Amino acid sequence: MNPALPARRASALGFAATLAIGLAILFGAPHVLDTFGLVQCTGFAALAMFGLSQGFVWGFAGVMSFGQAAFLGLGGYAYAVAVINMGDSSIPVLLSILVPMAFAGLLGYFMFYGRISDAYIGVITLTVSVILFQLVNATSGSQYRIGAAELGGFNGIPAIPALNAPFHPDEPLDIDGIWYAAMGALILVYGILRAVLAARLGRVIVAIRENEIRAQLIGYDPRLYKLIAFMLAAGVAGLAGCLYANWGGFISPTVFALPMSAQVIIYVLVGGLGTLVGPMLGAVLIQALIIAAGSQTVVDSNLGLGLVLVGFVLLVPQGLLPVARSAALRLVARVRTPRPGKAADTFATERAR
Amino acid sequence: MTPPGATLRPLIEARGVTMRFGGVTAVADVDFTLGEVELRCLIGPNGAGKSTFFKILTGQLKPSEGRIRLRDTDITGAEPHAIARLGVGIKTQVPNVFNGLTVHENVFVAAGRRKSLARTRAIVDETLTRLALTGIAGRLVGQLAHGQRQWVEIATVLAQEPELILLDEPAAGMTHDEVHRTAALIREINRTHALIVVEHDMPFIRMIAKTVTVFNQGRILVEDTVERVLADPRVRDVYLGKQAA
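What you see is a predicted model, and the numbers here were worked out from it, not measured in a lab.

J.: Summarise the overall build of chain B; cite the residues concerned and give the values.
T.: Looking only at helices and strands, chain B features nine helices and 10 strands. In terms of overall dimensions, chain B is globule-like: its C-alpha atoms have a radius of gyration of 18 Å, near the 18 Å expected for 245 residues. Principal axes of the C-alpha set define a box for chain B whose edges measure 55 × 40 × 40 Å. Pairs at least 24 apart in sequence give 63% of the contacts found in chain B among residues at least 6 apart.

Set out below in structure tokens:
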């Protein structure tokens, strides 16, 4: 018998539950929500995807990227520029994933193979996102154009053509269609990341987070695995950028800006570091809070949000999901008749000897 | 039953290995040879350079001078993962394990490099049974006692199926029973594998050792059979802190 089985069964159960809830939301939301609500939820899905990216690279690979917005922005701009030039959105969607991945490959190669320490990886990624922000911000004027797409500097790119049915540019998606695309993509990417983590690749990535020296001493090259994880996360962030650009039909350099990178770290902290579902929940919760804070006038909205965040870090440092999970497990344990586990039993006799 | 070493190609051979940290020379001009399926114990007082020498052999440190060969391959200054892939496994002095993973996952990751899933599972089951870890396979390694963590680390080393196994203080922090089991395990491993064991525990050395190399102040003081080394007054002197001038 495999003693790791109960834990694995619980994890599989969690995966199935998440998938079921995700699909219920995917197909239920268009029937329950009005147009405004559905558009808002499409935005949530895009930012949840962004949270997923940070949650993967930070929580599982242990790479503290402080500039994940760089990849969000690159994905968004890659989509916008490509779709304006091509008309059909099929290849631009792929580019929104591949361009950030290629950029992350180059940046990551120098960081990981150059043996940059963890703290400096935070500094470098942060700096790169700020440089990209300044760079794109300075592209005002019609001389800054890529093909038919004017970059537009701080004004950004307006009127980005929305997604269309694959290879049918004459069939653009409506609001419902974009919701299905965004939420469907979120569920798909979540599934892919779960599969990666369950596979050998994911196990090695997590093992390297746990102990890089041991991983090396059993023959794995940590630099390669960190680079792969960093590139995967960049691709996810890029797709989030594509959805984000689709959601508003507009993109501006603020996607590269510091608040974007900081916000996604907050999604992960609030939702739960080391989980995939947590960062998605965190994204939705924080975005909903930001909207709620903006629509009232009693407290300054930024101050209110700041207080909520400080409260979280002090009171629920593990994040929402892990706390909810352990509470649920305690409940289950109380309901069941207490019986000592086989593993604990053997351990106890071993100690007593 | 060891055939005369001079005629055989050694498993590992270090020549003139020196390691300097700033003004401190931790390992000084060490020549060291280990044959196939040989068991060697390294002893010596704290700071004698044993662990530093292990780090050089496994690529964690690049020697300032000297060359190291593993069979036909020059591994001087190679990356640790490259040396590990050539068949060198090490249990470090301070346990290096994956604390956030279960015992099973620790061994699985070590066993699974470039092997089929079925083969990996077979190795994991075999290793867990061999080290009597099956009962705690589902527990997080970070929650285990020190002695058990040592065994988990030994299990990960065995699971990677190395040809040369380095054990840095395998008996440290273990109970009397665990020490005996460790000694038996080392003798069993040695039937098919070469080992180098660093240890301070003299009764333990007597249980396992055939040949002993004594390090002192970064140099090899003496290398001989266990009886002669332990009877050597110079060895006693360095352990008591008296330095042979």
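J.: How would you sum up the pairing of strand β7 (residues 164–168) of chain B? Please name residues and give values.
T.: Residue and element names in this part refer to chain B. Burial within β7 is extensive, with five of its five residues counted as buried. The alternating pattern of β7 places Leu164, Leu166 and Asp168 on one face and Ile165 and Leu167 on the opposite face, and all of these are buried. The pairing of strand β6 (residues 88–91) with β7 spans four bridges and is classified as parallel. Bridging across to β7, Gly89 finds its partner in Ile165.

J.: Any details on the interface of chain A and chain B? Residues and values, ideally.
T.: Counting residues at the interface gives 21 residues for chain A, matched by 29 residues for chain B. Secondary structure elements with two or more residues in the side of chain A that touches chain B: α7 (200–210), α8 (212–217) and α14 (342–352) of chain A. A per-element tally of the side of chain A that touches chain B places α7(A) first, with five residues. The residue makeup of the side of chain A that touches chain B, split by class, is 11 nonpolar, four polar and six charged.

J.: Tell me what's going on with the pairing of strand β2 (residues 24–34) of chain B, and back it up with residues and numbers.
T.: Relative to β2(B), strand β1 (residues 12–21) of chain B is paired through seven bridges, and the arrangement is antiparallel. Paired with Ile12(B) across the two strands is Leu34(B), which belongs to β2(B).

J.: Could you give me a rundown of helix α4 (residues 117–130) of chain B, with the residues and numbers involved?
T.: All names here are of chain B. If you check α4, its first and last C-alpha atoms are 20 Å apart, about what 14 residues at 1.5 Å a residue would give, namely 20 Å. Along α4, the residues classified as buried are Thr120, Ile123, Val124, Thr127 and Leu128. Down the axis, α4 shows its buried residues gathered within 125 degrees of arc, on one side only. Among the exposed residues of α4, those pointing more than 90 degrees away from its buried face are Ala118, Arg119 and Thr129.

J.: Could you give an account of the confidence of the model for chain B, naming the residues involved and the relevant values?
T.: Residues and elements named next belong to chain B. Across chain B, the average pLDDT comes to 91, with 95% of residues at or above 70. Scored below 50 in pLDDT, residues 1–6 shows four contacts in the model against residues more than four places distant or in partner chains. Among the prediction metrics, the complex's ipTM stands at 0.92, with pTM recorded as 0.90.

J.: Could you give me a rundown of the packing of helix α2 (residues 35–60) of chain A against helix α9 (residues 222–248) of chain A, with the residues and numbers involved?
T.: Working note: a packed helix pair is described by the angle between its axes plus the distance between those axes. Residues and elements named next belong to chain A. Contact pair α2 / α9: the axes reach a minimum separation of 8 Å and the direction vectors enclose 170 degrees. Between α2 and α9, the crossing angle belongs to the class labelled roughly antiparallel. Only Ala229, Phe230, Leu232, Ala233, Val236, Ala237, Leu239, Ala240, Leu243, Tyr244 and Trp247 of α9 make contact with α2, whose side of the interface consists of Thr42, Gly43, Ala45, Ala46, Met49, Phe50, Leu52, Ser53, Phe56 and Val57. In terms of residue class, the contact of α2 with α9 is built from 18 nonpolar, three polar and no charged.

J.: How would you explain helix α13 (residues 320–335) of chain A if you had to name every residue and give the values?
T.: Along an α-helix, residues three or four positions apart point the same way, because every turn accommodates 3.6 residues. The end-to-end C-alpha distance of α13(A) is 23 Å, a good match for the 22 Å that 16 residues give at a rise of 1.5 Å each. The element α13(A) is largely exposed, with a buried count of one among its 16 residues.

J.: Break down the sheet that holds strand β3 (residues 39–43) of chain B for me, citing the residues and quoting the values.
T.: Residue and element names in this part refer to chain B. Read from one edge to the other, the open sheet built from six strands follows the order β6-β7-β8-β3-β9-β10, with strand pairing classed as mixed. Every interior strand has two partners, whereas the edge strands, β6 and β10 (219–225), have only one. Shown here is a sheet whose adjacent strand axes are inclined to one another by a mean of 15 degrees, direction ignored. Where β7 and strand β8 (residues 194–198) come together, five bridges link them in parallel fashion. Of the residues in β8, the one forming a bridge with Leu164 is Ala194. Lying on the sheet, helix α5 (residues 146–159) is in contact with β6 and β7; it crosses β6 at an angle near 180 degrees.

Definitions and limits used
Residues numbered from 1 in each chain as written. Chains lettered and ligands numbered in written order. Predicted model: local features only at pLDDT ≥ 70, side-chain atom pairs only at ≥ 80, totals over all residues. Helix = DSSP H or I, 4+ residues; strand = E, 2+ residues; numbered from the N terminus. Rg over C-alpha atoms; globule rule 2.2 N^0.38 Å. Contact = placed C-beta atoms within 7 Å. Buried ≥ 20, exposed ≤ 12 C-beta atoms within 10 Å, placed from the backbone. Pairing = 2+ DSSP bridges. Nonpolar A, V, L, I, M, F, W, Y, C, P; charged D, E, K, R; others polar. Expected span 1.5 Å × (residues − 1). Arc of directions from axis to C-beta. pLDDT = per-residue confidence, 0-100. Axes fitted to C-alpha atoms, helices over the stretch in contact; angles between N-to-C directions. Parallel < 35°, antiparallel > 145°, perpendicular 65-115°, else oblique.

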